[in-house]
Amino acid sequence: MFHFSNIVRTKGDPKIVEGGPSLKRPEDQLARALGWFSIGLGVFEFLAPRRVTETLGMEGSETLVRAFGLREIMAGIMSLSVDKNAGLWARVGGDGLDAAALASGLTADNPKKGNVALALLMVGGIAVLDYRAAKDTKPRRPARDARRKLYPNRSGYPRGIGGARSAARQIAHAMKSNS
């Protein structure tokens, strides 16, 4: 089987022959998918705010849509980072802002309020996924009553401190002999 990563490997590097199972947990994969979705949606909102507002019958709110696009992009980047939990909670909060902004478009004089209702339904579904991902990726901490593992007898040297001192003495002796 051909692996794309073999293209950039130098002559002496081992070649990838077979891939194994993913080390990413399902909740990490969901966070990653939501992060990329957020970036894509944010780019669309930022670059085409008039199209969004015309679809929803909410013309005149282009600046707000563009600001929401930036918020989506930032939350997406955070969702793809090491601290994905903060990005996912930012997405949850953003879903609330989106719902509030969309609710303002559910007026009797809006001819496209059906589109607004559909958008609200979609935001609600995404909010459920965002909330689940945020809850599932929260940082894991040991229980308060958990015993800490202490390693007072470990030095960090493979042969202990005595072995390290002995090796240092041998090096010092060899250096004196050679000078």
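Residues numbered from 1 in each chain as written. Predicted model: local features only at pLDDT ≥ 70, side-chain atom pairs only at ≥ 80, totals over all residues. Heavy atoms only, no water.

## Observations concerning the side chain of Glu45
For the record, the criterion: A helix here means a DSSP run of H or I that spans at least four residues, while a strand means a run of E at least two residues long, and both kinds are numbered starting from the N terminus. Burial classes: relative accessible area under 20% of the type maximum marks a residue as buried, over 50% as exposed, and values in between as partly exposed (1.4 Å probe, protein chains only). Lys and Arg are tallied as positive, Asp and Glu as negative. Neither His nor the chain termini are counted. The rule for a salt bridge is simple: a side-chain nitrogen of Lys or Arg has to be within 4 Å of a carboxyl oxygen of Asp or Glu. Only heavy atoms matter for contacts: two residues are in contact if any of them lie within 4.5 Å across the pair.
Mapped onto the elements of the fold, Glu45 is located in helix α1 (residues 26–47). Although buried, Glu45 forms no salt bridge, and the nearest oppositely charged side chain, Arg71, lies 5.5 Å from it. When near neighbours in sequence (up to four residues on either side) are disregarded, Glu45 contacts Val65, Arg66, Phe68, Gly69 and Glu72.

## Focus on a nonpolar patch on the surface
Put simply, the rule reads: Patches draw on residues past 30% relative accessible area with no salt bridge. Two like charges within 9 Å are joined, as are two nonpolar side chains (Val, Leu, Ile, Met, Phe, Trp, Tyr) within 5 Å. Here, Shrake-Rupley sampling with a 1.4 Å probe gives the accessible areas, and only protein chains in the shown set may cover a residue.
Together, Val43, Phe46, Leu47 and Leu70 make up an exposed nonpolar region whose accessible area comes to about 350 Å². Among the elements that line the nonpolar patch, the one with the most residues is α1, at 3 residues. Relative to the elements of secondary structure, Leu47 occurs in helix α1. Its relative accessible area of 64% is what places Leu47 among the exposed residues.

## A look at the pattern of salt bridges
Oppositely charged side chains can form a pair if their charged atoms are brought close together. The tally for this structure, following the rule as stated, stands at 6 salt bridges. The salt bridge involving Glu72 is made with Arg91; its shortest N-O contact spans 3.1 Å. Of this pair, Glu72 sits in helix α3 (residues 62–80) while Arg91 sits in helix α4 (residues 84–103), placing them 19 residues apart in sequence. Both residues of the pair, Glu72 and Arg91, belong to the buried class. Across the salt bridge formed by Asp136 and Arg132, the nearest N and O atoms sit 3.6 Å from each other. Taken together, the residues span about one helical turn, with Asp136 and Arg132 both in helix α5 (residues 113–136) at a distance of 4 residues. By relative accessible area, which is 51% here, Arg132 ends up exposed.

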